[in-house]
Structure formats: C-alpha cells, structure tokens
Amino acid sequence: NGDRLEQLPFDVQRGPRFIDEVSTTNSGLGVTPVDRGAIETNIGIAQWIGQPNASGNGELVSNANWQGGSAPGPLSRAVFGEQVAGGQSLQYSVSLPSSTAAYTAEVLANQVTFNLFGGSLSLQAPASTDVPSLLVSGTAAREPRLVLRSNGFTAGVATRSVTAPSIAIAKDPGSVGRLTVTGQRIALNSSGLTKVGDHGSGRIIVESGAIAALSSLSLGVAPTGSGIAELVGRAATLASSGTSSEL
C-alpha cells in the first residue's frame, strides 16, 4: 500500500496478514498476536453486489446481496467496492433489519449509507491487528464515502450503533475517504485508534444529534496525511480521550 515502514498488513490474497483469533489463546513473543500463518486463517471475504429492493436499499444480512451467495459474519470481511448490481454504482443504501456482526467493514468506492433502522453493527477485528475494523479509503476517482444513520426521529426507536475497535479513513498514500455519522439515536463507538487522514486525505463529520465516542482520535497521522473532524448541527457530539465537544 506504499507504506514500507509498517509490518506487512496483507497476505497474497489481500487478506489480513496478522489475525487474532478469539477462539485461540495468545502465546509467544511480540505485541501483535499471530495465531495462524498467512493464508491459513479462516477469515473470509464477502463482496457486496447490491440487489436493491423496492425501497432502494439492500439488506446487509441477505445472502443474495453478496458475491457467492453468503452474507458476512464475525469471521468475514464485508467489502463495498465498485461491483454493484442494478446500476447503483454511485450511491446506495445498505439496511440492517437486525443486529449483526462482521470481521471488518471496508468501503473502497462510492457513497454507501448504512441505515441501522433495525439493529446495530459490531465489527470484530481487534485493535491489535494491522487491518482496521472499519476502513473508508480509496482513490480520488472512486471517492469512498460512508454514511451512518438510523430512524432516529421515530418515537420509541432505540439508539443504534456501529462498534469498531479501530478505524482508518484515507489509509494509503494518495487516498481519500469520508465518514459521516448523522441523525439522532445513532452512535459510532471505537475503543482503539481512529486515524482520519492516515496517509491520505480524510474527513469525519458528526451531525444532527449523532454521537461519535472515539477512544483515541488522530488527524493527519503521517507526513502525507491530512485529517479533518467536523461537528455540524444541533446536539452533535464528538468525544475522544476523555474529552468531548458538542454543538
């Protein structure tokens, strides 16, 4: 990915090079747990192909919306690239009718909206691995953007959340990425490091009553990185490292 100072983050199949399998006890030397070697881990890749329903959305948990006919689970990387059926190649919505989990969520192109009207999304990749559990990063031509929202203005709707141990926006040199958390009763939670503009140009926007609770937020990490954090509208909250800002 152009970064020659980090540990090799991917194997030859573009899967994560280092994996912490929660079912295996960590042992041996080193900071990052390595429970299996490259290519031997059972982390799969689920590629979104998008079968929009009558509402213009595709359900995250529907097998028909994924290449190979299998929706992601706790040991699958959910990848949102350029391959989207029905001509929905620039903007599309992915709905969650119930709570679910994936190993990672990776938005590499287009504007993808996660509509968490029916449940929350838990991403499982540990913060100790080299692959972020939530990634929004791609070329300027692909313009990757992720929007998180719920039916927050509907009475009786519980707060929905996306929980990610680590987040990277614009990870690679020359990359871009934008993450927007918008509306009431929607929260983005991270217990690890959030890098906005890791090696590229990134932006995070929290607006209209949304909450982002980020344990550690870094803007413009590498010399080539540029990061911006924005609060927009009423009661938007961004909390990081024990401090918070609210509009």
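Just above, that's the structure.
Remember, it's a predicted structure, so these values are computed and weren't measured experimentally. (Residues numbered from 1 in each chain as written. Predicted model: local features only at pLDDT ≥ 70, side-chain atom pairs only at ≥ 80, totals over all residues. Heavy atoms only, no water.)

Chemist: Hey, could you run me through the overall build of the protein chain in this one?
Modeler: Within the protein chain one finds zero helices and 19 strands. Evaluated residue by residue, the protein chain yields a buried proportion of 49% over its 247 residues. Nonlocal contacts in the protein chain, meaning residues at least 24 apart in sequence, comprise 67% of its contacts between residues at least 6 apart. Of the roughly 11,200 Å² of accessible surface on the protein chain, 50% is carried by carbon and sulfur atoms. (Helix = DSSP H or I, 4+ residues; strand = E, 2+ residues; numbered from the N terminus. Buried < 20%, exposed > 50% of the residue type's maximum accessible area, 1.4 Å probe, protein only. Contact = heavy atoms within 4.5 Å. Areas by Shrake-Rupley, 256 points an atom, 1.4 Å probe, with all protein chains shown as cover.)

Chemist: What should I look at first to understand the pattern of salt bridges in this one?
Modeler: Oppositely charged side chains can form a pair if their charged atoms are brought close together. Per the counting criterion, the structure on display carries three salt bridges. A salt bridge links Arg 203 to Glu 230; its shortest N-O distance comes to 2.1 Å. Remark: Glu 230 occurs in strand 17 (residues 226–232) and Arg 203 occurs in strand 15 (residues 201–207); sequence separation between them is 27 residues. (Salt bridge = Lys/Arg side-chain N within 4 Å of Asp/Glu carboxyl O.)

Chemist: Please clarify how the packing of aromatic side chains should be interpreted in this entry.
Modeler: Think of a pair of aromatic rings as described by two things: how far the centres are apart, and how the planes are tilted against each other in angle. Across all of its chains, the model carries five aromatic pairs by this definition. When the ring of Trp 48 is compared with that of Tyr 92, the centres are 6.1 Å apart and the planes differ by 5 degrees; the resulting orientation is stacked. One end of the pair, Trp 48, is in the loop between strand 1 (44–47) and strand 2 (57–59); the other, Tyr 92, is in strand 4 (residues 91–95), with 44 residues separating them in the sequence. Members of the aromatic cluster, joined through ring pairs, are Trp 48, Trp 66, Phe 80, Tyr 92 and Phe 114. (Phe/Tyr/Trp six-rings, centres within 6.5 Å; stacked < 30°, edge-to-face > 60°.)

Chemist: Is there a simple way to explain the pairing of strand 4 in this structure?
Modeler: Sheet faces and side chains relate simply in a regular strand, where the side chains alternate between the two faces. Counting buried positions over the five residues of strand 4 gives four, a clear majority of the element. Bridging between strand 4 and strand 7 (residues 111–115) involves five bridges; their strand directions are parallel. Paired with Ser 93 across the bridge in strand 7 is Thr 113. (Pairing = 2+ DSSP bridges.)

Chemist: It is not clear to me how the nonpolar core should be interpreted in this structure. Could you clarify?
Modeler: If you look at soluble globular proteins, the nonpolar side chains tend to sit buried side by side. Core analysis: the biggest nonpolar cluster contains 38 residues, and Phe 80, Phe 114, Leu 134, Leu 146, Leu 148, Leu 179 and Leu 188 have the highest contact counts within it. In contact with Leu 188, not counting residues within four places along its chain, are Leu 134, Leu 148, Val 162, Ile 167, Leu 179, Val 181, Ile 204, Ile 211, Ala 212, Ala 213 and Leu 214. (Core = buried A, V, L, I, M, F, W, Y, C linked by side-chain atoms within 4.5 Å.)

Chemist: When you look at the side chain of Ser 120 in this model, what are you seeing that I'm missing?
Modeler: Position of Ser 120 among the secondary structure elements: in the loop between strand 7 and strand 8 (121–123). At a separation of 3.0 Å, a polar atom in the side chain of Ser 120 contacts the main-chain amide nitrogen of Ser 161. Aside from chain neighbours lying at most four places away, what touches Ser 120 is Leu 96, Ser 98, Ser 99, Thr 100, Thr 159, Arg 160 and Ser 161. (Polar contact = N/O pair within 3.5 Å; in protein donor to acceptor, adjacent residues only side chain to side chain.)

Chemist: Sorry, what's going on with the pairing of strand 10 (residues 145–149) here?
Modeler: With four of five residues buried, strand 10 lies mostly within the body of the structure. Strand direction decides the pairing type here: strand 7 and strand 10, joined by five bridges, are parallel. For Phe 114, the partnering residue across the bridge sits in strand 10 and is Leu 148. Here strand 10 pairs with strand 13 (residues 176–182) via four bridges, running parallel.

Chemist: Whenever I open this one, the environment of Glu 143 confuses me. Can you help?
Modeler: Within the element layout of this structure, Glu 143 appears in the loop between strand 9 (134–136) and strand 10. We classify Glu 143 as partly exposed; its relative accessible area is 40%. Once the C-alpha coordinates of Glu 143 and Gly 177 are considered, the two residues, 34 residues apart in sequence, prove to be 6.7 Å apart. Setting aside its immediate chain neighbours within four residues, Glu 143 contacts Asn 110 and Val 176.

Chemist: Could you clarify how one ought to interpret the environment of Leu 90 in this entry?
Modeler: Secondary-structure assignment places Leu 90 in the loop between strand 3 (76–80) and strand 4. When its relative accessible area of 61% is taken as the criterion, Leu 90 is described as exposed.

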